[in-house]
Amino acid sequence: MDDFLLEDEEVIAQGHGVILLNNREAGTLSVTNFRLLFVSQAKKCVIDLGTIPLTTIEKLNDDVKLQPLPHLSDKSRPRELLQVIGKDMRIIVFAFVPKTKQKNEVFDALRRYTKPANLWDLYAFSCDPSTIKNDSEPKWRLLREYFRLFRKSLPQSRGAGEVSLSNDWWRLTRVNSSYSLCSTYPSELIVPRSISDEDLFQASTFRSGKRLPVISWCDPGSGAVLARSSQPMVGLMMNFRNNADEKLVCALSSRTTDDKGSPRKLYIIDARPRANALANGAKGGGSESSSNYARSEVLFLGIQNIHTMRDSLSRLRDYVDAHGSISSNGSPSAVSVVGDRRNRGSTWGGGNLNSMTSFSSTLGEWLNHIQNILVGASWIAAQIAEEAASVLVHCSDGWDRTTQLVALACLLLDPYYRTFSGFQALVEKDWLAFGHPFAERMGVPTVTEIGGSQYELLRQPSLGNLSSSPSRNVLGASGPSSHASVQSQTSNNSSPILLQWLDCISQLLRLYPSAFQFSSKFLVDFMDSVLSCRFGNFLCNSEREREQSGATSSCRCMWSYLADLRASGGIFHEHYNPFYDPVKHNGALLPPAAALAPTLWPQFYLRWTCPIESQGGDLESQWHAMNKKYAETMKAKDIAEWRAKDIKMKMESVKQDLQRERRASSTALATAQSAQRENAAIKKAIESIGCTIKFSTSENQEDRTEVLSCSLRRGTDARGQDENGDFSVSISAIEDGLVSEAPGDHFCESLCPFRTREGCRWPDAPCAQLGSQFVGLKANFDAFDRLSIQDCYFGPE
């Protein structure tokens, strides 16, 4: 397992021979201090579907019974099943080997490690703090964003106390540097210049959680601002007022920049339904009255609360799992669509054809929430961009629906937020600095005011039955078990608020495919990183709590992780939007209401149950698939070109060798021809004296000589020569390399009878040496002396 573990990841419990029922894959299931890890037995690799971080697990069910299904060949075998429901839209079921303790060991480890006792038990704190490399602190990055909004350059000095920021309308205040003004707000705030710090303290007492109105985004060109706060504490009769709060809200609506200095319109947006706002009056809350705030108008957007959003997503997840091509019961819907022939194909996913109506209502419910957020944010952006009006947004506490609307409106107004660096700045400003309660919404522990830990999971009873869901009728009723039938990691305050915001961005990506630098895949990986709690950026509920826990300095940074992912793939990485055109969309995006009809976000909601279909209609996915093929083709082309170049170089080398061999052969052939001509001349000369010539070659490799044996038998002629006087001569031909520079020296020393100790007497002595540049000749001089050569042997000159 060491090959599959991350840094500082340790195996706690393990099960072998486990089957992932969704895709019938067998493998090893391990519980680590970070995730539930499933490794395929056949492929020897991590199966993504069966691998899920512990903090991403929402519920556990250890007593699941499958009803007999006709397509299961092993339906008669007893099974011990474990159901895992994730916050990322997956429902997976593992089947363990029966009559073993593996299931109990895995389940006990999951119960213990998915519900850590305190914040520091999370995997994010397991790394060595000395290895953490953060480019800058979140506070400094927030200050840099404030300077960008004011269109000013940030000083190089990191001393926050020495940096001042202001203009004619607004100023930066550090009245909350010790979080005494509001514990869930950032340490630096942008407020109207006309409002003093004392006014801020008085105004904070009138707002829920002391989350007073402050500026989130401002337009230095028009003077319009986008502000946020929590609900006013107007009381049951909605008659309580606060002069400092009214002064602060009215200061948000500064005068316009035209010559007349006409007053600016102020819109107060309450994200809740009107009835919910009135109901909060029982707790002292409520909404503003436009009569108390000059030039203002109050509007309600009707966005539901966190509990409604959580239940809606749960119903959507159940339906998608029951009717996907990969289902947690091991029965793909493609089989159930055909249906049982005995019932004439009337079944669909274990139900009837009316399940399509159920799907429409389930999907419509979720998409209706998405549309409400989209419409509200688009309306806010339009008033600021077209009317130059200021807008104040709030809900009950000002950290859920308020954050969704403000962050989405900023994304529509400012093209900088549609880049990677801008998206990071936007998230750190409106989601992190302004205190979205990530710990509560994800069900993980955090720090309390006294430095301890708070965690509601252990106090929440496990209610309900997963198999009782109408869309989960393939699961039988739960039976008795030694453990609780359903284990919930989340508290009653968990809700997919961040997921809804990312869903809205995916809808804008569909409408404006060239307006965003990042892709839908980036949004998916971003959400997965947040849910995993692998990094310290999104732990706790506020900037103050992250400072108290040391999450920023002790944990790795998610932004660096995502940046490294992009760097690994270059400009063709799937996080980049290939259609991004910053010139085309360099201003505000103001989609018309008719275009804000959302569709299901397939890359996130369908990736586990319909993996092929989730990428089918996405232009980005198709482009990246084509680009991948293109990259593979270019790589193959480069390899082929390299091989061709290598072969060409080898051919050139061989060609040069052949040319050298040809030149050597030509030289040798010319030498041989020259030697042949000389030998022929010598042969002719010797034959002319009546000698019989016979050539023989020595077989000795060291003595590479060619011996020419000549014999002369004196014939009878009229000149009366002696018939018994035979004559023989021996001539040896040797290679050029064996002939010295003065070939005659060797023969003179051994054969010449006229050579004396003083040396050669040539040309004074009648030397009989014969030589040439091709062959060396040695002769029997005694035979030459006895030989009588007649003049008649030679013709006239």
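Residues numbered from 1 in each chain as written. Predicted model: local features only at pLDDT ≥ 70, side-chain atom pairs only at ≥ 80, totals over all residues. Heavy atoms only, no water.

Going by what an unreviewed UniProt entry lists, the protein chain is known as Myotubularin phosphatase domain-containing protein and is assigned to Urochloa decumbens. On record in UniProt, under Sequence similarities (unreviewed entry), the comment for the protein chain is "Belongs to the protein-tyrosine phosphatase family. Non-receptor class myotubularin subfamily." (UniProt positions renumbered as here; feature names shortened; annotations may be inferred.)

Asker: What's the story with helix 13 (residues 520–532) in this structure? I'm lost.
Answerer: End to end, helix 13 covers 19 Å across 13 residues, agreeing with the expected 18 Å (1.5 Å per residue, within 8%). The buried fraction of helix 13 amounts to 11 of the 13 residues, a majority that puts the element mostly inside the structure. By the burial criterion, the buried members of helix 13 are Ser520, Phe522, Leu523, Val524, Asp525, Phe526, Met527, Ser529, Val530, Leu531 and Ser532. Positive backbone phi, at 55°, marks Cys533, one or two positions downstream of helix 13. (Helix = DSSP H or I, 4+ residues; strand = E, 2+ residues; numbered from the N terminus. Expected span 1.5 Å × (residues − 1). Buried < 20%, exposed > 50% of the residue type's maximum accessible area, 1.4 Å probe, protein only.)

Asker: How do you make sense of the packing of helix 9 (residues 401–413) against helix 12 (residues 497–511) when you look at a structure like this?
Answerer: Two numbers describe a pair of packed helices, the interaxial angle and the distance between the axes. Between helix 9 and helix 12, whose axes approach to 10 Å, the crossing angle comes to 25°. As judged from the angle between their axes, helix 9 and helix 12 are roughly parallel. Crossing geometry of helix 9 relative to helix 12 is assigned as right-handed. Facing helix 9, whose interface residues are Gln404, Ala407, Leu408, Leu411 and Leu412, helix 12 presents Ile497, Gln500, Trp501, Cys504, Ile505 and Leu508. Here the residues of the contact of helix 9 with helix 12 sort into nine nonpolar, two polar and no charged. (Axes fitted to C-alpha atoms, helices over the stretch in contact; angles between N-to-C directions. Parallel < 35°, antiparallel > 145°, perpendicular 65-115°, else oblique. Left-handed = near helix turned anticlockwise from the far one by under 90°. Contact = heavy atoms within 4.5 Å. Nonpolar A, V, L, I, M, F, W, Y, C, P; charged D, E, K, R; others polar.)

Asker: Would you mind showing me how to read the UniProt feature "active site" (unreviewed entry) in the protein chain here?
Answerer: The feature "active site" (unreviewed entry), as annotated in UniProt, sits at Cys395 in this numbering. For Cys395, the location among the structural elements is in the loop between strand 16 (390–394) and helix 9. The residues contacting Cys395, other than those within four sequence positions of it, are Ser229, Ser230, Gln231, Asp270, Ala271, Arg272, Asp400, Arg401 and Thr402.

Asker: I keep staring at the nonpolar core and nothing clicks. Help me out?
Answerer: Looking at soluble globular proteins, one finds that nonpolar side chains tend to be buried together. Phe423, Trp501 and Phe526 are the most contacted members of the largest nonpolar core, which has 133 residues in total. Ranked by residue count, the leading element in this core is helix 8 (residues 355–387), at 10 residues. Core analysis: the second largest hydrophobic core is formed by 23 residues, Leu49, Leu60, Val84 and Ala109 among them. (Core = buried A, V, L, I, M, F, W, Y, C linked by side-chain atoms within 4.5 Å.)

Asker: Sorry, what's going on with the packing of aromatic side chains here?
Answerer: How two aromatic rings sit relative to each other is given by the distance of their centres and the angle of their planes. Applying the stated criterion across every chain yields a total of 28 aromatic pairs. An angle of 80° between the planes, with centres 6.1 Å apart, marks the rings of Trp366 and Tyr605 as edge-to-face. Highlighted residues: Trp366 in helix 8 and Tyr605 in helix 17 (residues 602–605), separated in sequence by 239 residues. No difference in accessibility class separates Trp366 from Tyr605, as the two residues are buried. By the ring-pair criterion, three or more aromatic residues cluster together here, those being Phe420, Phe423, Trp431, Phe438, Trp501, Phe516, Phe518, Phe522, Phe526, Phe538, Trp559 and Tyr576. A cation over an aromatic ring shows up here: Arg148 above the ring of Tyr417, its NZ or CZ 5.2 Å from the ring centre. (Phe/Tyr/Trp six-rings, centres within 6.5 Å; stacked < 30°, edge-to-face > 60°. Lys NZ or Arg CZ within 6 Å of the ring centre and 35° of its normal.)

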